[in-house]
Amino acid sequence: MEQAGLTRMIKVEVVIEAEEAADVEALLRSEGVTGWTGLTGLTGVGHGGRHEGRLLFNERGGQTMLVAVLPRDRLDGVVAGLTELFRDRHGVMFVSETWVSRPAYFS
Amino acid sequence: MLLCRCTRTLLLLSFAGAIALLVGSVLRGPVAWSWGSVTLGGHVAPVGWYVDVPAALLLTLVTGVGALVAAFSVRHLAGEPAQGRFALAVLGAVTATALVVTSASLPGLVLFWVLSGVAVSAVVGARGDRPARRAAATVRRTFLAGDLALVAGLVVLVVGAPTGTSLARADLPDLVQQTPAAAVVLGAALAAIAGLVRSAQLPVHRWLPETAAAATPASALLHAGVVNGAGVLAVLWWPLYASAGAVLVAVGLLGALTAAVAGTAMRGRADVKGRFAASTSAQMGYLSLQVGLGLPGAALLHAVGHGAYKASLFLGSGEVVGRSVADRDRPAPLRVDGGRRAVALAGSTAAAVLVAAAVSLVLPPVHAPASWLLVAAAAATSAVLTSRLVVADRRVGRRRWAMAVVPLLALAGYLLTVGLLERRVLDGLAPSSLPSVWQWALAGAAAAVGAAAWVVDREVRRGRLPRVRAWAVRSALPPARARRAVGTATPVGHPPVAAADRARARVVAGRAASTVVPTWPLDAFVATNPLGGLDTLTPAQAFARMSAMRGTRSHLDDDVARRWWREGRISPAAVVEARAAAGPAAERATDVSADVRAWWTAGDLVDELAGTDVVRRADEETAVWCAAVYDRGEAAWGAPATGGLWSTWRVLGARGAARGLGVRGFRRWAAALPSRPDEAIVVLLAQAGYPLERWEQVLSRTANRLPGWMSHARLRAEQGGDDALELLAVRLAAEVALVRAAVAPDGVAAAVAREVAEFVAAPPASAPTGLADVDAEALVWQRALEETRRRPLLDAVAVAARDVGVTEVRAGGSAGTAPAPAAQVVWCIDVRSERLRRHLEAVGSGRWETLGFAGFFGVPFRHLAPEAAAGSDQCPVLLRPRNALASVAVPGHEREFAAAVRARRRAHAAGDAVHAAAEHAVSPFVLAEVAGYGLGVVSGLRTAAPRWWADRRRSPAAPTQVRVAGDGTDHAGDLVAGFTVTEQVFLAEAALRTMGLTSGFAPLLVLTGHGATTTNNPFDTGYACGACGGNGGIVNARALAAMLNDRAVRDGLRGRGLDLPAATVVVAGLHDTTLDTVEIDEVTPAAGTAEVRAVLAALRADLAAAGGRASVERARMLPGAPSSARQDPRRATAHVARRAADWSEVRPEWGLVGNYAFVAGPRSLTAAADLEGRVFLHSYDPAADPDGTALEVILTAPVVVAQWINAQYLACAIDPDGFGSGSKVVHNVTGRIGVVSGARGDLRPALPLQGVADATGELRHEPLRLMVVVAARPETVDTIVARHDLLQRLLGNGWITLVTVSPDDRRLRRWDGQGVWHDEPVAPAVPARSAGDAAVRVPAAVAR
């Protein structure tokens, strides 16, 4: 990958209740994560059963996924915070390696 | 009430007498009565009255303000526990003060002066609660010093004067002449001290802000009358003052200094009453300066003008929120900036100087050179006003030049009036003996102080002088006398905080903060469940935990419940059933979190062991900084621009904390803390010694020490800030600093320090405990009350389901045909709509069909008022608007519309100019005096004839529509302007299908939003439409109406199976819930046929009749309604209109009081029942919603919002002071966010006491959890609930009781919280209400 001009980074994907999204975004911001992508109105089946997509008159219901890419040195805080969050909240996180072409966008 | 009315009558008569005396004294000279004399120390003192012009003027002020306050208090204090005591205290204070100003002798004046002080402290303490008693004690202590000084001054004069000297006030010049100069000076100095104390001058000014703990009318009386003590004494004893030049100089200098210092503090205060208090001290400083300059006549006129001004401001202090709403919707001004602004100021100044010079040539100042300073002050005020009018808004057009002339004319009028009064009326107040050079020196010193204040003001506005800024914020704290240092905090170094630790702290802090729900500012009141952060628990558990964390009540008072049971409001059978059920274990069981001590922090322990006030200090410190930093424009200086709360407090707040907080070395200690709030929390918790497992408990307790401010911080945090975290950091730091100082070697005993160290290091307790017996008993009462109230509704629904069916019966509807209505009227689901719907249906005898739907009509948007830049979000807070819609003229009415906008621009420009002048360093003094005379008359009119005054103030509205069309590319700010046709079709279809209106359309479809009309009410938006974000719903109705009338949208709807006939016209209306009126927009000939317009005319007539009946029904429940209004619709209509217009009214309507159920189904399920305006009604047709899509929308949005409303009323009824905002009469609007009670403290979100309790203190709202009845199959509901965690929490934990009425077998079934449905008892035979039966039935729950 490095030969292809790509840089190794960490990708964190978080699925949480929509009303918790602001807290996770605040955590990401505080740990120096400069950008992320949000997917609202998730549909699927998981530990808590089936979840439907976006509600017509309630944007605080349903689930949201946040996808963030960050350098390795910012991971500890993010993971520690999310782990603490999931002690009593619904949600999951996926942490994986990823490669990006524009590292400056993520640091 | 009776005592208050008697007091009002007596004081009104006194006021009339005072005016007669004033006229008499002006025309015929002093009026004197004497009943003999007494001898005092060999001197003769007459017993009687002596009323010259100054005394008559003061008497007019005192009795006038007293009468105004008493008249205002009749309704404003209705229901206050001490209304009678307050009335007597007011009568005593006014009487004593009247005797002060009319007493014929000096000893008589001193005697009544002392008595008036006692009466004033009784006025302050009349409420009898702890803050009022404390404030009254402060007043008594402070006044005592002044009273002793005055008595000593009298003794000096009596001893110094030759034997046999007359002690009559009329003979004071002789007494002064015969008394040695030293005694005269000493006597004058002591009298001046007494006056300065009463007038809250430096350094004895701190008593005045503390009186905010008293009711608002008490504040009006104090600030308008009592506080004029310095002026009263100076005017009445002027010969004494005039002969003591040194005293005059001292009084003048102190006055100038107070005017500058208090004026500066005022500009930094974010609470309205605090600003007014600082302003009063400053105004009294100006008055003292006038006295010092030898101008008692001018001081007298200032006292009267300012008194009327301040009385009006205090009594109308609730209007701040209304102005905030008006500012949001104001037409965007085009300011004049840069060089033109300077030119405007220079031109205005030149014009004012020319006017002043011209008047002075015609009528030279009487007492030159001192008077020149006052002429200059008047000219400066005029210049400020004129220049501000010129630059306020260029779009006002040429009229702004005409407006700018008004202050110049006012200047000429003022100078001429004062000149004539001083020559013709007040000529008895001779100039002082102060040499001219001293007058110049004093005037120069005053001018220098004023200039310094102006420079300080300018520098602070530029972000400089942080020390001044911090001092102004801290001026809101209690007097320093009560703030002895707790000890010293020693700085502690700390290693760098690891990223994992700070992230963990952030999340734990967020979890702790989430126990407090966000609340919205009062200019967009949105009901929220105060226990919403604990909805993972049962209500009983949540209330118990709140009780432990905050000290709130956890259930309905047992005595009240038993009384209701005796009165039959709780059915004995329901009690038996509830006791037998005894509740599932899950509801009864609680855990250690219900134990108060389990939530203690070190501060609580130190306070208990050492008797300190660590917790209170930390609360007060945090609260004043919250008010300053979160301020949304109340303080003239705005919020400090130094970042968030934590960084502001750490840097700015650290200045002066040694004295303000009571921690020596605080600044160095704070400087050693991290600049990031999350890291600071880690360091602070470590420094305090708390182990990791105690963090959440400590932070939860910290968050719940100031739940009001935390709720606002949570709202700000939702918008992307770190506010909740920062607030926790500040509150934690204040407490940790105080505890560290307390356990330091110079603090409390070492044994306490050891115990505290052991306490913080201990792990949290975890053993579960059961609810106490009393709580288990409370659960029985709660359930019995709920079942008693629910049973009649369930029976009515069961009967209707059995007899009529569960699906919609409409011409062309899904379940067959019915006679087609002439019009369909869609109302908001708000419980208040039910009353008017019921009466309209009865009056119309089947001509009108009514439906219920969320009042935002399914169209979420930001509304831009005509030419406004900002806007209001017209949707539930569950949604975020992405589109902006503007109100524009209806075609053909463009000129009318433009004229209305220009009129609003002029009004706002004038308001801006007056506001700027009132906040200026120089201009407030003359402004207050001049404006006061006008406002005094206005206050009288508003009190005596509120409806008449409101009608005069109402400006005609131009026909307006909402422009909904957009192509998806235009933007208004960050939102898309308008909706595309596709989006409109989507929204219109969703609205129609969700309310089950898919066929059988009538020729006229009226969409009725709702709003309310109240006056001088900070909670005004609380009566508006919650579904519209606390705004009126007319614009949402207009938006959907415009969509449904659009041909392209109808084509789109037709393509989706919704066929609106071409002849159907959709029109918007507004239901005013305070007035019971519905105003419907016009249908133009182009839009509708003559038949449709005839239907509209008939509908309007029936709505008027229905409104009258609804008003009768409401009048039977409104306290203070006359008996005629409870029978006669015409009188009822007049009565509710009076309530809406009355600025002293604290209960304009009952809002959503009584709400307990939500019914989603066809109207036929409830049409036969009188639901007493207590049930949310959402139209829904299960036959038109086979897959449950519409039901899912209803359960996840309207039901959720209804549950918030229900829970807010529930909690506020259980503890009006703990969960509600307490009594309105001590509310102090702060930061344009909300209210605090008294001088300072936590923000008070939620409903006021007057929103849930009547004038006798009896609860009008019964604390009932929401029951939701839906016309649906249980399995459909199961499917929906299984998909939504929120519904599972609300239903499973017992916040909502869910009942279905199945369209298959028409049976009712109740969900038991465990996922099992139980059949409800079979419906009894109940006769249905006939269509023509509109007989009003008083709800049994509130009947007396």
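Residues numbered from 1 in each chain as written. Chains lettered and ligands numbered in written order. Predicted model: local features only at pLDDT ≥ 70, side-chain atom pairs only at ≥ 80, totals over all residues. Heavy atoms only, no water.

## Brief notes about the overall build of chain B
Argument step 1. When helices and strands are counted, chain B shows 49 helices and 23 strands.
Argument step 2. Here the C-alpha atoms of chain B give a radius of gyration of 33 Å, agreeing with the 34 Å that 2.2 N^0.38 yields for 1344 residues.
Argument step 3. With the C-alpha coordinates aligned to their principal axes, the bounding extent of chain B is approximately 105 × 80 × 65 Å.
Argument step 4. Within chain B, buried positions represent 62% of all 1344 residues.
Argument step 5. Residue pairs in contact within chain B that sit at least 24 positions apart in sequence constitute 77% of those at least 6 positions apart. (Helix = DSSP H or I, 4+ residues; strand = E, 2+ residues; numbered from the N terminus. Rg over C-alpha atoms; globule rule 2.2 N^0.38 Å. Buried < 20%, exposed > 50% of the residue type's maximum accessible area, 1.4 Å probe, protein only. Contact = heavy atoms within 4.5 Å.)

## Points about the packing of aromatic side chains
All names here are of chain B.
Argument step 1. Per the counting criterion, the structure on display carries 16 aromatic pairs over all chains.
Argument step 2. Seen in terms of ring centroids, Trp33 and Trp49 are 5.2 Å apart; in terms of plane orientation they differ by 85 degrees. Their pairing is edge-to-face. Of this pair, Trp33 sits in strand β1 (residues 31-40) while Trp49 sits in strand β2 (residues 43-51), placing them 16 residues apart in sequence.
Argument step 3. The partly exposed category is assigned to Trp33, whose relative accessible area is 37%.
Argument step 4. What makes Trp49 partly exposed here is its relative accessible area of 35%.
Argument step 5. Linked through ring pairs, Trp646, Trp649, Phe666 and Trp669 together constitute an aromatic cluster.
Argument step 6. Positioned over the ring face of Trp113 is Arg198, at 4.3 Å from the centre of the ring. (Phe/Tyr/Trp six-rings, centres within 6.5 Å; stacked < 30°, edge-to-face > 60°. Lys NZ or Arg CZ within 6 Å of the ring centre and 35° of its normal.)

## Here's the deal with the environment of Val1225 of chain B
All names here are of chain B.
Argument step 1. Positionally, Val1225 belongs in the loop between α47 (1198-1214) and β18 (1227-1230).
Argument step 2. Taking the relative accessible area as the measure of exposure, Val1225 reaches 0% and is therefore buried.
Argument step 3. For the pair Val1225 and Pro764, spaced 461 residues apart in sequence, the C-alpha separation works out to 41 Å.
Argument step 4. Once you skip the residues sitting within four places of it in the chain, Val1225 turns out to touch His76, Leu77, Glu80, Arg127, Ala214, Ala215, Thr216, Lys273 and Gln1250.

## Considerations on the nonpolar core
All names here are of chain B.
Argument step 1. Counting 289 residues, the largest nonpolar core has Trp237, Tyr241, Leu1007, Leu1044 and Phe1158 as its most contacted members.
Argument step 2. With 14 residues, the single largest contributor to this core is helix α2 (residues 53-76).
Argument step 3. Counting residues in each nonpolar core, the second largest holds 76 residues, with Val682, Val698, Ala724 and Ala734 among its members. (Core = buried A, V, L, I, M, F, W, Y, C linked by side-chain atoms within 4.5 Å.)

## Details of a nonpolar patch on the surface
Residues and elements named next belong to chain B.
Argument step 1. On the surface, Trp33, Trp35, Val38, Val47 and Trp49 cluster together into a nonpolar patch covering about 510 Å² of accessible area.
Argument step 2. Looking at the nonpolar patch, the elements that each hand over two or more residues are β1 and β2.
Argument step 3. The greatest single-element share of the nonpolar patch, amounting to 3 residues, is contributed by β1. (Patch = residues over 30% accessible without salt bridge, like charges linked within 9 Å, V, L, I, M, F, W, Y side chains within 5 Å. Areas by Shrake-Rupley, 256 points an atom, 1.4 Å probe, with all protein chains shown as cover. Salt bridge = Lys/Arg side-chain N within 4 Å of Asp/Glu carboxyl O.)

## Quick word on helix α17 (residues 370-392) of chain B
Since the α-helix packs 3.6 residues into each turn, any two residues three or four apart lie on the same face.
Argument step 1. Here α17 of chain B is 23 residues long and its end C-alpha atoms lie 34 Å apart, about the 33 Å a rise of 1.5 Å per residue gives.
Argument step 2. By the criterion of burial, α17 of chain B is predominantly enclosed, with 19 of the 23 residues buried. (Expected span 1.5 Å × (residues − 1).)

## A word on the pairing of β18 of chain B
Residues and elements named next belong to chain B.
Argument step 1. Of the two faces of β18, the one carrying His1227 and Val1229 and the one carrying Asn1228 and Thr1230 are both buried.
Argument step 2. Note: β18 against strand β19 (residues 1234-1237), 4 bridges, orientation antiparallel. Within β19, the position partnered with His1227 by the bridge is Ser1237.
Argument step 3. Counting the residues that bridge the hairpin from β18 to β19 gives 3 residues, and of these Gly1231 lies at a positive phi of roughly 60 degrees. (Pairing = 2+ DSSP bridges.)

## A closer look at the state of the cysteines
Argument step 1. Within the structure shown, the criterion is met by 0 disulfides over all chains.
Argument step 2. Residue Cys1212 of chain B stays outside any disulfide, its sulfur separated by 19 Å from that of Cys1025 of chain B, the closest cysteine. (Disulfide = S-S within 2.5 Å.)

## Details of the interface of chain B and chain A
A common way to state how big an interface is: give the accessible area lost once the parts meet.
Argument step 1. On the side of chain A, 27 residues touch chain B, which itself brings 36 residues to the contact.
Argument step 2. Per-residue buried area on chain B facing chain A is highest for Arg511, Arg1283 and Asp1285 of chain B; these three make up 19% of the total on that side.
Argument step 3. Along the contact surface separating chain B from chain A lie 4 salt bridges.
Argument step 4. The set of elements that each furnish at least two residues to the side of chain B that touches chain A consists of α21 (499-513), α41 (981-994), α46 (1189-1196), α48 (1274-1283) and α49 (1285-1292) of chain B.
Argument step 5. The greatest single-element share of the side of chain B that touches chain A, amounting to 9 residues, is contributed by α21 of chain B.
Argument step 6. Each residue belonging to the side of chain B that touches chain A can be placed in one class, and the counts come to 16 nonpolar, 5 polar and 15 charged. (Buried area = accessible area lost by both parts, 1.4 Å probe. Nonpolar A, V, L, I, M, F, W, Y, C, P; charged D, E, K, R; others polar.)

## Notes on the packing of α46 of chain B against α47 of chain B
Residue and element names in this part refer to chain B.
Argument step 1. Between α46 and α47, the least distance of the axes is 3 Å, while the angle of their chain directions is 20 degrees. Classified by the angle their axes make, α46 and α47 are roughly parallel. Across the interface between the two elements, Val1193, Ile1194, Leu1195 and Thr1196 of α46 pack against Pro1198, Val1199 and Val1200 of α47.
Argument step 2. Of the residues in the contact of α46 with α47, the class split is 6 nonpolar, 1 polar and no charged. (Axes fitted to C-alpha atoms, helices over the stretch in contact; angles between N-to-C directions. Parallel < 35°, antiparallel > 145°, perpendicular 65-115°, else oblique.)

## Section: the sheet that holds strand β2 (residues 36-39) of chain A
Residues and elements named next belong to chain A.
Argument step 1. The antiparallel open sheet is built from 4 strands, whose spatial order is β2-β5-β1-β6. Among the strands making up the open sheet, the edge pair consists of β2 and β6 (91-100). With direction set aside, neighbouring strand axes in the sheet form an average angle of 20 degrees.
Argument step 2. With 4 bridges joining them, β2 and strand β5 (residues 63-70) adopt antiparallel strand pairing. Among the inter-strand pairings, Leu39 is bridged to a residue of β5, identified as Met65.
Argument step 3. On the sheet, helix α2 (residues 75-85) packs against β1 (7-17), β5 and β6 and is oriented at approximately 15 degrees with respect to β1.

## Quick look at helix α43 (residues 1047-1055) of chain B
All names here are of chain B.
Argument step 1. Of all the positions in α43, only Val1049, Arg1050 and Leu1053 are classed as buried. Taken around the axis of α43, the buried residues stretch over an arc of 100 degrees, which confines them to a single face. Away from its buried face by more than 90 degrees, α43 exposes Arg1047 and Gly1055.
Argument step 2. Tucked into the core, α43 has its buried residues touching α41, α42 (1034-1045) and β14 (1065-1072).
Argument step 3. One side-chain oxygen at the N-terminal end of α43 lies 3.0 Å from the backbone nitrogen of Ala1048; it belongs to Asp1046. (Arc of directions from axis to C-beta. Polar contact = N/O pair within 3.5 Å; in protein donor to acceptor, adjacent residues only side chain to side chain.)

## As for the packing of helix α16 (residues 339-362) of chain B against α17 of chain B
Residue and element names in this part refer to chain B.
Argument step 1. With their axes 8 Å apart at the nearest point, α16 and α17 run at an angle of 140 degrees to one another. Taken together, the axes of α16 and α17 lie oblique to each other. Relative to α17, α16 is oriented so that their crossing is right-handed. Each of Arg341, Ala344, Leu345, Ser348, Thr349, Ala352, Ala356 and Ser360 in α16 lies in contact with α17, whose residues at this interface are Trp372, Val375, Ala379, Ser382, Ala383, Thr386, Ser387, Arg388, Val390 and Val391.
Argument step 2. Looking at the contact of α16 with α17 residue by residue, the classes come out as 10 nonpolar, 6 polar and 2 charged. (Left-handed = near helix turned anticlockwise from the far one by under 90°.)

## Considerations on the pattern of salt bridges
All names here are of chain B.
Argument step 1. Under the definition given, this model contains 95 salt bridges over all chains.
Argument step 2. Taking the shortest distance from any N to any O, the salt bridge between Glu679 and Arg502 comes out at 2.9 Å. Placement of the pair is Glu679 in helix α31 (residues 677-688) and Arg502 in helix α21, with a sequence separation of 177 residues. Each member of the pair, Glu679 as well as Arg502, is classed as buried.
Argument step 3. In this structure, Arg835 engages Glu1113 in a salt bridge whose closest nitrogen and oxygen atoms are separated by 3.1 Å. With Arg835 in helix α37 (residues 831-844) and Glu1113 in helix α44 (residues 1090-1115), this pair connects stretches of sequence that are 278 residues apart. In this pair, the class of Arg835 matches that of Glu1113, namely buried.
Argument step 4. Connected through shared salt-bridge partners, Arg563, Glu567, Arg569, Arg789, Glu1172, Arg1174, Glu1258 and Glu1262 make up one network.

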